[in-house]
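Close look at the chain arrangement
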Amino acid sequence: MTLKANDPCWCGSGRKFKRCHRSEAERVQPGTLSPRRALPPDIERPDYAGTGRPLKVAEPFVRPPALVERMRVAGQVAAEVLAITSTAVAPGVTTDELDAIAHEACIARGAYPSPLNYKGYPKSICTSVNEVICHGIPDDRALRDGDIVNLDVTVFMGGVHGDTDATFAVGKVDRESARLIATARQCLEQGIAVVKPGRLINEIGRAIEAHAHGAGMSVVRDFVGHGIGEVFHNTLAIPHFFTPRADTVIEEGMTFTIEPMINLGSWRALTWGDGWTAVTADGSRSAQFEHTLLVTADGAEVLTRAS
């Protein structure tokens, strides 16, 4: 089945596609952006804060204990900011208002919102609504009853990043959207459960893909999890689908994210002209959950799990 940007919306996967009830006119459209938010001068900044260009992209995959301790702090702050911001999710609230809440929550904790000016990104969090897979830019669009929205929060403090996200229902959502959110959350937990020293990275994707396909859903292939530490996104890639090429051996002390993006329809994605906003090619809805992990001797510690 070949999909084009203007095709009607379809839900399902494999041979179980059916026309979705959402029309082309109901899809998310770009809105108006507010000016970039300021930060106090005493907030520690990552290397790209001024220029938009990360200076450092490589770092060891295995992290020393002292750095891990700093990542625990950053991870908990990211979890707090996500929790605070999520309480404001409601019909009538704009995604820009959510960005403002997250921005102020970061400042109150002495943290820099990592997305801000990362490769030129203009806001402090990502807000991905309905068919937006990831990297949705907060704007003046008000959330509507029945929407779903992903809030992606990353903070930089103590010289390291903590990265987490979750998808929330806005008001009362339809049954398939609720099932999508639940499946995406389960996919993340399935991926975390297989993390153990000696296993291969691709076993994470195998577990996630199997669970998503079992629910009749698809896994986005254009975006993957990543190594994280002093660098926001380092060169360690964590696919959420099985690929033999992801044959890096998991080692104790590694820190990385697992962040599966699960679609009701096709896994294929398109990117808006802003260079950031990724949407499902068929207009079907997408949900995502993410945690930052530390590989331990017998599994994984979730650094961004709310305490």
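Summary of the structure given here.

Parameters at a glance
- Per chain, the residues get numbers from 1 upward, laid out in the order the sequence is written.
- In view of the model being predicted, local features appear only for residues whose pLDDT reaches at least 70, and side-chain atom pairs are presented and counted only at 80 or more, with totals across whole chains, interfaces and linings using the full set of residues.
- As a rule here, side-chain values cover all heavy atoms of the structure and leave hydrogens and water aside.
- The method works on a 1 Å grid over the protein atoms by themselves. A cavity is a set of points holding a 1.4 Å probe that cannot get out, a pocket is an open set with protein on both sides within 12 Å along at least five of seven lines, and residues with an atom within 4 Å of a point line them.
- Grid points are joined across faces, edges and corners, and a volume is the space filled by probe spheres set on the points.
- In this description a helix means any DSSP run of H or I spanning at least four residues, a strand means any run of E spanning at least two, and both kinds are numbered starting from the N terminus.
- Whether two strands pair comes down to DSSP finding at least two bridges between them.
- As a rule, the C-alpha atoms of each element are fitted with a line to give its axis, helices using only the stretch in contact, and angles between N-to-C directions run from 0 to 180 degrees.
- The salt bridge definition used is simple: a Lys or Arg side-chain nitrogen within 4 Å of an Asp or Glu carboxyl oxygen.
- Less than a right angle of anticlockwise turn of the near helix away from the far helix marks a crossing as left-handed, whereas a clockwise turn marks it as right-handed.
- We call two residues in contact whenever any of their non-hydrogen atoms come within 4.5 Å of each other.
- Under the convention adopted here, Pro, Cys and the residues Ala, Val, Leu, Ile, Met, Phe, Trp and Tyr are nonpolar, Asp, Glu, Lys and Arg are charged, and Gly plus all remaining residues are polar.
- Residues grouped as a nonpolar core are buried Ala, Val, Leu, Ile, Met, Phe, Trp, Tyr and Cys residues, joined through side-chain atoms within 4.5 Å.
- To sort residues, take the accessible area from a 1.4 Å probe on protein chains only and compare it with the maximum for the residue type: under 20% means buried, over 50% means exposed, and anything in between is partly exposed.
- Note on angle classes: values under 35 degrees are labelled roughly parallel, values over 145 roughly antiparallel, values of 65 to 115 roughly perpendicular, and the remainder oblique.

1. Some details on the layout of surface pockets
Approximately 640 Å³ is the volume found for the largest pocket. Around the largest pocket, the lining comprises 31 residues; the ones closest to its centre are Tyr-118, Lys-119, His-226, Phe-232 and His-233. Sorting the residues of the lining of the largest pocket by element identifies strand 6 (148-157) and strand 7 (160-169) as the ones contributing at least two each. It is strand 6 that contributes the most residues to the lining of the largest pocket, three residues altogether.

2. Some thoughts on the sheet that holds strand 14 (residues 278-280)
Spatial strand order, 5-14-13: three strands in an open sheet with antiparallel pairing. Each end of this open sheet is capped by a strand with a single partner; those strands are strand 5 (132-134) and strand 13 (269-271). The mean inter-strand angle of the sheet, taken between neighbouring strand axes irrespective of direction, is 40°. Note that strand 5 and strand 14 share two bridges and pair antiparallel. Its bridge partner being in strand 14, Cys-134 is matched across the sheet by Ala-278.

3. Description of the pattern of salt bridges
Throughout the structure, instances matching the rule amount to 13 salt bridges. The residue Arg-179 makes a salt bridge to Glu-176 at a minimum N-O spacing of 2.9 Å. Taken together, the positions of Arg-179 and Glu-176, both in helix 3 (residues 175-193) and three residues apart, correspond to about one turn of that helix. For Glu-189, the salt bridge goes to Arg-305, with nearest N and O atoms at 3.0 Å. Of this pair, Glu-189 sits in helix 3 while Arg-305 sits in the segment after strand 17 (299-302), placing them 116 residues apart in sequence.

4. A closer look at the packing of helix 1 (residues 65-86) against helix 2 (residues 95-108)
One way to put it is that helix 1 packs onto helix 2 with a least axis distance of 9 Å and a crossing angle of 145°. Taken as a pair, helix 1 and helix 2 cross one another with a handedness that is right-handed. Together, Val-81, Ile-84 and Thr-85 of helix 1 and Leu-98, Ile-101, Ala-102, Ala-105 and Cys-106 of helix 2 make up the contact between the two elements. When its residues are assigned to classes, the contact of helix 1 with helix 2 shows seven nonpolar, one polar and no charged.

5. Description of empty space enclosed by the protein
One pass over the full model with this rule turns up one cavity of 30 Å³ or more. Counting residues per element, the ones that place at least two in the lining of the largest cavity are strand 5, strand 6 and strand 15 (286-288). Tallied by class, residues from the lining of the largest cavity come to five nonpolar, five polar and no charged.

6. Overview of the nonpolar core
In this structure, Val-81, Val-155, Val-195, Ile-204, Phe-256, Ile-258 and Ile-262 are the most contacted members of the largest nonpolar core, which totals 65 residues. For this core, the element with the highest residue contribution is helix 1, accounting for eight residues. If near-sequence neighbours (up to four positions away) are discounted, Val-155 is found in contact with Ala-74, Val-77, Ala-78, Val-81, Cys-106, Ala-111, Tyr-112, Ser-114, Val-160, His-161 and Gly-162. Formed by 10 residues, the second largest nonpolar core is a distinct cluster that contains Leu-39, Tyr-112, Tyr-118 and Phe-232.

7. As for the packing of helix 3 against helix 4 (residues 202-214)
Close contact between helix 3 and helix 4 brings their axes to 8 Å; oriented N to C, the two are set at 150°. Taken together, the axes of helix 3 and helix 4 lie roughly antiparallel to each other. Pair helix 3 / helix 4 crosses with right-handed handedness. On the side of helix 3, the interface is formed by Thr-183, Gln-186, Cys-187, Gln-190 and Gly-191, while helix 4 contributes Ile-204, Ala-207, Ile-208, His-211 and Ala-212. A breakdown of the residues in the contact of helix 3 with helix 4 according to their chemical character gives five nonpolar, five polar and no charged.

Shape descriptors only; they carry no functional weight alone.
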